[in-house]
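What follows is each chain in one-letter form.
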Amino acid sequence: GENVEQHPSTLSVQEGDSAVIKCTYSDSASNYFPWYKQELGKRPQLIIDIRSNVGEKKDQRIAVTLNKTAKHFSLHITETQPEDSAVYFCAARSGGSYIPTFGRGTSLIVHP
Amino acid sequence: ETGVTQTPRHLVMGMTNKKSLKCEQHLGHNAMYWYKQSAKKPLELMFVYNFKEQTENNSVPSRFSPECPNSSHLFLHLHTLQPEDSALYLCASSQDRANTGELFFGEGSRLTVL
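Residues numbered from 1 in each chain as written. Chains lettered and ligands numbered in written order. Predicted model: local features only at pLDDT ≥ 70, side-chain atom pairs only at ≥ 80, totals over all residues. Heavy atoms only, no water.

The subject of this paragraph is the overall build of chain B. Looking only at helices and strands, one finds 0 helices and 11 strands in chain B. Listing each helix as α and each strand as β along chain B from the N terminus yields β-β-β-β-β-β-β-β-β-β-β. Principal-axis analysis of the C-alpha atoms places the extent of chain B at approximately 40 × 25 × 25 Å. Relative to its 114 residues, chain B shows a buried fraction of 46%. (Helix = DSSP H or I, 4+ residues; strand = E, 2+ residues; numbered from the N terminus. Buried < 20%, exposed > 50% of the residue type's maximum accessible area, 1.4 Å probe, protein only.)

Pasting the structure below:
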């Protein structure tokens, strides 16, 4: 089955800095890579996703990049703000399954 | 409101109690999931149902018993739990044939086992 590794487990940045979270996956058949954000005491919610036929996708201050050859993908947050503080989960889903495999999460702390 | 509702939001139970968690989705999805969230394993998949049929049981102890009477409702029956079962239990739903397969989560049920 799919295995997703996520790093770092904790990331602390100053407001205005950029933050990068990296994930690797094992199944070369995986073709869909979503990112979820979970604020303290809230439910996880999808913030951005990317498919295997695209190398990069951007939505305002967040962007995701995908390197299929190396089987890794990353979340980039620019100009971080305190409200970006949350736990971020990456996931990978194979074309043969509708069930995503999640990474262990990254706790992002943005200091004002 | 994402359309996935969980009750109760908080539950405290003794190890000999029997209780149930309920999840309801109004999104017309056909797949429903139970996840356990704890400090040790942030998002641990427990069970998956697709069109009321269980398609995944991730080696979950039998003291957790899921039930899916229809595509909109999912239950997790709890019996003789252990203190280490204390966690946030998240329900989610998705449309299995959708291109995105986005999971919509409920707010979770915070379980404390004494």
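Having seen it, we continue.
Along its length, chain A carries 0 helices and 11 strands. Its helices and strands in sequence order give chain A the pattern β-β-β-β-β-β-β-β-β-β-β, from N to C terminus. For chain A, whose C-alpha radius of gyration is 13 Å, the value lies close to the compact-globule estimate of 13 Å for 112 residues. Residues counted as buried form 44% of the 112 residues belonging to chain A. A separation threshold of at least 6 residues defines the contact pool for chain A, and within that pool the share at least 24 residues apart is 53%. On chain A, roughly 5500 Å² of surface is accessible, and the fraction owed to carbon and sulfur atoms is 47%. Of the charged side chains in chain A, 12 are positive and 12 negative, and the gap between their average positions amounts to 6 Å. (Rg over C-alpha atoms; globule rule 2.2 N^0.38 Å. Contact = heavy atoms within 4.5 Å. Areas by Shrake-Rupley, 256 points an atom, 1.4 Å probe, with all protein chains shown as cover. Lys, Arg positive; Asp, Glu negative; His and termini not counted. Charge placed at Lys NZ, Arg CZ, Asp CG, Glu CD.)

Glancing now at the pattern of salt bridges. Residue and element names in this part refer to chain A. Taken as a whole, this structure holds 5 salt bridges over all chains when the rule is applied. Residues Glu39 and Lys37 are paired through a salt bridge, measuring 3.5 Å at the closest nitrogen-oxygen approach. The buried category is assigned to Lys37, whose relative accessible area is 16%. (Salt bridge = Lys/Arg side-chain N within 4 Å of Asp/Glu carboxyl O.)

Quick look at the state of the cysteines now. Simply put, disulfide is the name for a covalent bond between the sulfur atoms of two cysteines. One pass over the structure, following the stated rule, counts 2 disulfides over all chains. Disulfide pairing places Cys23 of chain A opposite Cys90 of chain A at an S-S distance of 2.0 Å. Every disulfide takes its handedness from the sign of the S-S torsion; for Cys23 of chain A and Cys90 of chain A that torsion is -100°, giving left-handed. A residue pair is termed long-range when its members are at least 10 positions apart, and Cys23 of chain A in strand E3 (residues 19-25) and Cys90 of chain A in strand E9 (residues 86-94) qualify at 67 residues. There is no split in this pair, since Cys23 of chain A and Cys90 of chain A are both buried. Shown here is the disulfide that connects Cys23 of chain B with Cys91 of chain B, its sulfur atoms set 1.9 Å apart. (Disulfide = S-S within 2.5 Å.)

Counting residues in each nonpolar core, the largest one holds 23 residues, and the members touching the most others are Trp35, Phe73 and Leu108 of chain A. Where this core is concerned, the elements lending two or more residues are strand E2 (10-14), E3, strand E4 (30-38), strand E5 (45-51), strand E7 (62-67), strand E8 (72-77), E9 and strand E11 (106-111) of chain A. Sequence-distant contacts of Leu108 of chain A, that is, excluding residues within four places in its chain, are made with Leu11, Val13, Ala19, Ile77, Asp84, Ser85, Ala86 and Tyr88 of chain A. In terms of nonpolar packing, the next biggest core, distinct from the first, is built from 22 residues, Met13, Val60, Cys68 and Ala87 of chain B among them. (Core = buried A, V, L, I, M, F, W, Y, C linked by side-chain atoms within 4.5 Å.)

Turning our eyes to something else, we now look at the sheet that holds E3 of chain A. All names here are of chain A. Strand order in the open sheet made by the 5 strands is E1-E3-E8-E7-E6, with antiparallel pairing throughout. At either end of the open sheet lies a strand with only one pairing partner, and these are strand E1 (4-7) and strand E6 (56-59). In this sheet, adjacent strand axes meet at a mean angle of 15° when their direction is disregarded. In this structure, E3 lies alongside E8, joined through 6 bridges in antiparallel fashion. The residue of E8 that forms the bridge with Lys22 is Ser74. (Pairing = 2+ DSSP bridges. Axes fitted to C-alpha atoms, helices over the stretch in contact; angles between N-to-C directions.)

Evaluation of the coordinates by the stated rule reveals 12 aromatic pairs over all chains. An angle of 90° between the planes, with centres 5.8 Å apart, marks the rings of Phe102 of chain A and Tyr35 of chain B as edge-to-face. On the criterion of chain membership, the pair formed by Phe102 of chain A in strand E10 (residues 101-102) and Tyr35 of chain B in strand E4 (residues 31-37) is interchain, its members lying in two chains. Take Tyr35 of chain B: its relative accessible area is 1%, and that puts it in the buried class. Among the aromatic side chains, those forming a connected cluster through ring pairs are Tyr36, Phe89 and Phe102 of chain A together with Tyr33, Tyr35 and Phe105 of chain B. (Phe/Tyr/Trp six-rings, centres within 6.5 Å; stacked < 30°, edge-to-face > 60°.)

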